[in-house]
Amino acid sequence: MDPVLVIQSLISGVMMGMVYALLGVGFSLTWGVMHVIHISHAVFGLLGAYFAYTLLTLYGVDPVVSAMVSTPLLFIVACAVYQVLIRPLTKAREMVVASMILTFGLAIILENLLVLVWKADPRLLTPSYASESWIIGPFYLQYPHLIGFALSLVGISSLYVFLKKTTTGMAVRAAWQNQEAARLYGVNLFRISMITFALAVSTAGAGGISLALLYSFEPHSHNLWLIYLFLVVIVGGVGNVIGTALAGLIIGVITGLSMAFLPYQWVNLITFGLLMVFLIFRPHGLFGEVG
Amino acid sequence: MKKVPLIMAVLTVAVLALFPLLRPEVYYLSFLFTLFMYVVLSSSWNVIGGYAGYLSFGHAAFFGIGAFATAKMATAFSLSPLLTILSSIPAGLLAALVALIVGYPCLRIRGPYFSVVTICFAFVVDLAVKNIEELGGAEGLWMTFMDLPEETSRAIMYEVMLLLMVVTLATVYLLGRSRFGRGLTAVRTDEEVAETMAIPTAKLKIQAFVVSAFFPGVAGGLFAYYLSYIHPDAVFSINISILIVLMAMFGGGGTWLGPIVGAVILTVVNEGLSTFAQAEIARIIYGALFIIVTIFMPDGIIAYFRRWATAQRKA
């Protein structure tokens, strides 16, 4: 084994993993706090990616700026989606199932709107620095990858600080731990759910932009993204922010390494096989549901 | 079954069985073949997903295993048409056997975690089949279809699928009303309490999983022969798994009628939309349907109409 290749694939694995973590953390929160499995989560990531793509090709806006603009925009959109679509589901006997069916429908709608507007061709975010790299000795760190990584790191850290330090964030965590008790202590569950959902969707947008800096994307990409979301969230423990971040890194490194040393068609087989074994033996994640 | 519904069911089956005698266009036979197939898939899914409340999102795997088993048997032994059709039964048994092996560890996990592990299972089977050269690898397998005029051959396959549907629905109906079915309902309602009441939950779940895998395996075998060409993407797609779940839940999981209603409505709507609208628009309307139904009938169509009927009676 060539040590340079090993370290290079470790580096790209870590970057990829961080981005999946940002994309996954919101998915994990909606699942843990609201008991909503948000199938269209990754489509909102794509929405962010297309938003950045359009601003970049038409006006030359940097993806980082687009991420800052898209976050509050998606926050507002998500509040509306929550009020109109998700909130009525609280009446359902089986909230998880109902939410999956509903958001599956939403995913189909958004995916096909994306096809109508942007066509089904694969797109690539190519800012001016797209082909430049930071070279340290024998290693290459491509600038877009670095930016995507940094964006994800900032995104996750700010979400973590929000949950730990602000009153609203604490209410979100309280609702995650025990809805009934949280309600007894005067937490407005509908408001908290709306905020959780909106935060999740806006981080998904930023995650989508970060991911678009690493890989090309098309309207159907969200299906594969969603599978990685499930992976990251399960390994990290549902609702656990730090767990999700670590799980992202672990899965990124595993995929990075197996991509370097295995024939391509075996990579996914190993990833999913591992996840299956993992689920059977540690269904509540590496780090448990508290953290 | 009470007398009137039983007569209605027998009449429906009789009408459907006699339908090919009218010499309809092959299109209608094909369409109904697909419809029956989805009824089989979602109704047998209902045994584990609806009755027991274990939402398997990997049922396409059993469908695909059946399809590939039949295709492999037919090509390897160059079976006659009749034997090929019959070979879908051992194919179904293979699917059931896989369910037995996989179900043992997987059914210990509950809730959404079980769903995710079944998604992974379907992916692993899909990728494994693509990597096995003997199963055609990524190219798929070709089979020779029966050497008969198209109308006759399609009519034969139509009748076979109809028979499978009747057998599946009868089995699921009887299971639902048996001690076994009540045990599964107990598992869904509260597994811990069921265990304390000495209901052998682990055994019941495995049995339900095996039954719910057998019929899709047989259906997969018939489907493979019907297409006479089988590719991993055509049978293992996650979309098929999701569609099976949606059909059952859409109609109403845990009821006998629910998956039938769901499969019929969604197949008809899908077919209608793809005939009359641009592909993307059709998909958007299809997606909107899921949203509207979940908001207004969050527990499925059947539950909604039952509640509506009770309200009428009281008024």
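Residues numbered from 1 in each chain as written. Chains lettered and ligands numbered in written order. Predicted model: local features only at pLDDT ≥ 70, side-chain atom pairs only at ≥ 80, totals over all residues.

**Some thoughts on the overall build of chain A**
Logical step 1: Of regular secondary structure, chain A possesses 11 helices and 2 strands.
Logical step 2: Listed by position from the N terminus, the elements making up chain A come as α-α-α-α-β-β-α-α-α-α-α-α-α.
Logical step 3: For chain A, the proportion of its 291 residues judged to be buried stands at 50%.
Logical step 4: In chain A, the proportion of contacts linking residues at least 24 apart, taken out of those at least 6 apart, comes to 80%. (Helix = DSSP H or I, 4+ residues; strand = E, 2+ residues; numbered from the N terminus. Buried ≥ 20, exposed ≤ 12 C-beta atoms within 10 Å, placed from the backbone. Contact = placed C-beta atoms within 7 Å.)

**Notes on the overall build of chain B**
Logical step 1: When helices and strands are tallied, chain B shows 15 helices and 2 strands.
Logical step 2: Rg of the C-alpha trace for chain B: 20 Å, near the compact-globule value of 20 Å for 315 residues, within the 12% margin.
Logical step 3: Considered along the principal axes of its C-alpha atoms, chain B spans approximately 60 × 45 × 40 Å.
Logical step 4: A buried classification covers 49% of the 315 residues belonging to chain B. (Rg over C-alpha atoms; globule rule 2.2 N^0.38 Å.)

**Examining the packing of helix 7 (residues 150–177) of chain B against helix 10 (residues 201–227) of chain B**
Helix packing geometry: the angle between the two helix axes and the distance between the axes.
All names here are of chain B.
Logical step 1: With their axes 11 Å apart at the nearest point, helix 7 and helix 10 run at an angle of 175° to one another. If you check the angle between helix 7 and helix 10, you find them roughly antiparallel. Packed against helix 7, whose contacting residues are M157, V160, M161, L164, T168 and L175, the element helix 10 presents V211, F215, V218, A219, L222 and Y226 at the interface. (Axes fitted to C-alpha atoms, helices over the stretch in contact; angles between N-to-C directions. Parallel < 35°, antiparallel > 145°, perpendicular 65-115°, else oblique.)

**A word on the environment of Y158 of chain B**
Residue and element names in this part refer to chain B.
Logical step 1: Take Y158: it is sitting in helix 7.
Logical step 2: Taking the C-beta count within 10 Å as the criterion, Y158 has 24 such neighbours and is therefore assigned buried.
Logical step 3: In the structure, Y158 is positioned 126 residues away from L32 in sequence and 7.4 Å away in space, judged by C-alpha atoms.
Logical step 4: Sequence-distant contacts of Y158, that is, excluding residues within four places in its chain, are made with P20, L29, L32 and F33.

**A closer look at the interface of chain B and chain A**
Logical step 1: Facing the 33 residues of chain B at the interface are 33 residues of chain A.
Logical step 2: Elements supplying a minimum of two residues to the side of chain B that touches chain A: helix 5 (88–106), helix 6 (111–131), helix 12 (238–251) and helix 14 (279–296) of chain B.
Logical step 3: In terms of residue count, the dominant contributor to the side of chain B that touches chain A is helix 6 of chain B (13 residues).
Logical step 4: Among the residues forming the side of chain B that touches chain A, the class breakdown is 26 nonpolar, 3 polar and 4 charged. (Nonpolar A, V, L, I, M, F, W, Y, C, P; charged D, E, K, R; others polar.)

**Regarding the confidence of the model for chain B**
Logical step 1: Looking at chain B, pLDDT values average 89 and 100% of them are 70 or higher.
Logical step 2: Predicted complex metrics record ipTM = 0.82 and pTM = 0.83. (pLDDT = per-residue confidence, 0-100.)

**Some remarks on the nonpolar core**
Logical step 1: In this structure, L229 and V232 of chain A together with A95, C120, A219 and L222 of chain B are the most contacted members of the largest nonpolar core, which totals 194 residues.
Logical step 2: Those residues in contact with L229 of chain A that sit more than four places away from it in its chain are L23, G24, F27, H41 and A42 of chain A. (Core = buried A, V, L, I, M, F, W, Y, C linked by C-beta atoms within 7 Å.)

**Things to note about helix 10 of chain B**
All names here are of chain B.
Logical step 1: Its 27 residues give helix 10 an end-to-end C-alpha distance of 39 Å, which sits within 8% of 39 Å, the value for a rise of 1.5 Å per residue.
Logical step 2: Taken across its 27 residues, helix 10 has 21 buried, putting it largely inside the fold.
Logical step 3: Directly beyond the C-terminal end of helix 10, a positive phi value near 50° is found at S228. (Expected span 1.5 Å × (residues − 1).)

**Side note on the pairing of strand 1 (residues 133–136) of chain A**
Residue and element names in this part refer to chain A.
Logical step 1: The sheet contact formed by strand 1 and strand 2 (residues 139–142) spans 4 bridges and is antiparallel. Opposite I135, over in strand 2, you have Y140 as the bridge partner.
Logical step 2: Between the antiparallel neighbours strand 1 and strand 2 lie 2 residues, among them G137 with a positive phi of about 55°. (Pairing = 2+ DSSP bridges.)

**Here we look at the packing of helix 2 (residues 26–51) of chain B against helix 12 of chain B**
Residue and element names in this part refer to chain B.
Logical step 1: Contact geometry of helix 2 with helix 12 gives a least axis separation of 9 Å together with a crossing angle of 75°. With respect to helix 12, the element helix 2 is oriented roughly perpendicular. From helix 2, Y38, L41, S42, W45, N46, G49 and G50 reach across to helix 12, where they touch I244, V245, M247 and A248.

**Some details on unusual backbone geometry**
Glycine aside, a negative phi is what most residues show, and trans is what most peptide bonds show.
Logical step 1: Positive phi, normally seen in glycine, also occurs at K119 of chain A, with a value near 65°.
Logical step 2: In this structure, K119 of chain A sits in the loop between helix 4 (95–118) and strand 1.

**Topic: the environment of N131 of chain B**
Logical step 1: Relative to the assigned elements, N131 of chain B resides in helix 6.
Logical step 2: Here N131 of chain B falls in the partly exposed class, since 15 other C-beta atoms lie within 10 Å of it.
Logical step 3: Leave out the neighbours within four places in its chain, and N131 of chain B touches Q265 and L269 of chain A.

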